[in-house]
Amino acid sequence: MKRILLTIAGALLAALLLVLVKNEYARLLPVSTYGMQAAIAQGETENLFIGSSMFRQGLSIDVLEEGLPGSSYILSYNGNQPALMAMELEYMLEEGLEVKSLYIDLYPYTAAADPWLSDTKLLLDTDLDFKLRAWELMRRSSGASFSDFYEFFVTANNEQLLTYPVNNALVSSQFRNGGTLLEQAGRTREELYALGTLGSRDGLNEAQVEGYRRLAALAEEYDLNLYFLETPKYERMYADEDYLELYGLCLETVRGLEKEWNGKGSFRIICAEDLDFDSSDAGNFQDLIHLSAAGRTEYTRLLCGAVKSEE
């Protein structure tokens, strides 16, 4: 009986050590061309874009590298929220990444959501301290359960780690400096109008609003130029009252931050409506909120022109 108990205790201890090693040191695996560690490994980037799939599908790394001075890097995770973006930026800056201009995804639905990690690939890029702080944010705001805790710290990304050489090579072939190299086709007007809209939310989440504040504070502290970008949405979204209400609240929030701005760098909000982008052209979109490859190229070209116009 004693031997059985010792065996069980040894197995539990080994499992605990493996979990701790994964959560602290998986970030030290050789980096691909995507994620936080790949950005940190570069040491510096002139233009850092932090956002959700709006940025991954909405920004062309080719056009950015051609249209903006210096290097560019796109950090995007599915469902990336302002509260988490602030944590990501702080982590990278503390790790020594040097940045001149910071571009933040202004997507209303992430600002209205309870703090939650939608894309567990982020966990492969961070240390245990980051994960604990992210978990505490989720637990405090969303009432996360033990099963969520188990997935977060124990099971998340295990399949990617077990197939790491293959998975890393695949990711590296699909991205460059964080920007996707995959080409997504546009849709027809009929297809886009057949899609459902995203529904209503109960205003902005305070933790996400605090995330915007923290992003602005970090930009001030590190003397960064700060841009908030709303990538184009299909015309149907701009006729949707729920989207427009949240969009207005986001603009009100960041405009308030602009009034309080004391940074040495510039502060600018660039919305889709500020650019000569055709949001009625269905070929520019793969769904109501994500751009196609053609739309991505055109939007990024216009964005670069708007950024350079103030220099």
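Residues numbered from 1 in each chain as written. Predicted model: local features only at pLDDT ≥ 70, side-chain atom pairs only at ≥ 80, totals over all residues. Heavy atoms only, no water.

Topic: the overall build of the protein chain
Where we set the bar: What counts as a helix is a DSSP run of H or I of at least four residues, what counts as a strand is a run of E of at least two, and both are numbered from the N terminus. Note on method: radius of gyration uses C-alpha positions; expected globular size equals 2.2 Å times residues raised to 0.38. Burial status follows relative accessibility: with a 1.4 Å probe on protein chains alone, a residue under 20% of its type maximum counts as buried, one over 50% as exposed, and anything between as partly exposed. Should any heavy atoms of two residues lie within 4.5 Å, those residues are considered in contact.
Counting secondary structure elements, the protein chain contains 15 helices and seven strands. The C-alpha atoms of the protein chain give a radius of gyration of 20 Å, which matches the 19 Å a tight globule of 311 residues would have. Per-residue burial over the protein chain gives 50% buried out of 311 residues. Counting only contacts in the protein chain whose residues sit at least 6 apart along the sequence, the fraction spanning at least 24 positions is 82%.

Focus on the pairing of strand E6 (residues 225–229)
Selection rule: When DSSP finds two or more bridges between two strands, those strands count as paired.
Most of E6 sits out of view: five of its five residues are buried. Residues Asn225, Tyr227 and Leu229 point to one face of E6 and Leu226 and Phe228 to the other, with burial holding for every one of them. Looking at chain direction, strand E3 (residues 98–105) and E6 are connected through five bridges and run parallel. Bridged to aspartate 105 within E6 is leucine 229. Sheet topology note: the E6/strand E7 (residues 267–270) ladder contains four bridges and is parallel. Among the inter-strand pairings, phenylalanine 228 is bridged to a residue of E7, identified as isoleucine 269.

Some remarks on a nonpolar patch on the surface
Spelled out, the test is: Only residues whose relative accessible area exceeds 30% and that form no salt bridge enter a patch; like-charged residues are grouped when within 9 Å of one another, and nonpolar side chains (Val, Leu, Ile, Met, Phe, Trp, Tyr) when within 5 Å. With residues, only the protein chains shown are counted as cover, and all accessible areas are computed by Shrake-Rupley using a 1.4 Å probe. Here a salt bridge means any side-chain nitrogen of Lys or Arg lying within 4 Å of a carboxyl oxygen belonging to Asp or Glu.
Together, Phe146, Phe149 and Tyr150 give the surface a local cluster of nonpolar side chains, amounting to about 340 Å² of exposed area. Tracing the chain through its elements places tyrosine 150 in helix H8 (residues 146–155). Tyrosine 150 sits in the partly exposed class, given a relative accessible area of 42%.

Comments concerning the pattern of salt bridges
Taken as a whole, this structure holds 13 salt bridges when the rule is applied. Close ionic contact of glutamate 90 with arginine 214 constitutes a salt bridge, the shortest N to O distance being 2.9 Å. Separated by 124 residues along the polypeptide, glutamate 90 in helix H5 (residues 82–94) and arginine 214 in helix H12 (residues 206–221) bring together distant segments of the chain. A cluster of three or more residues bridged by salt bridges with shared partners is formed by Asp62, Glu65 and Arg176.

Distances and angles like these do not, on their own, reveal function.
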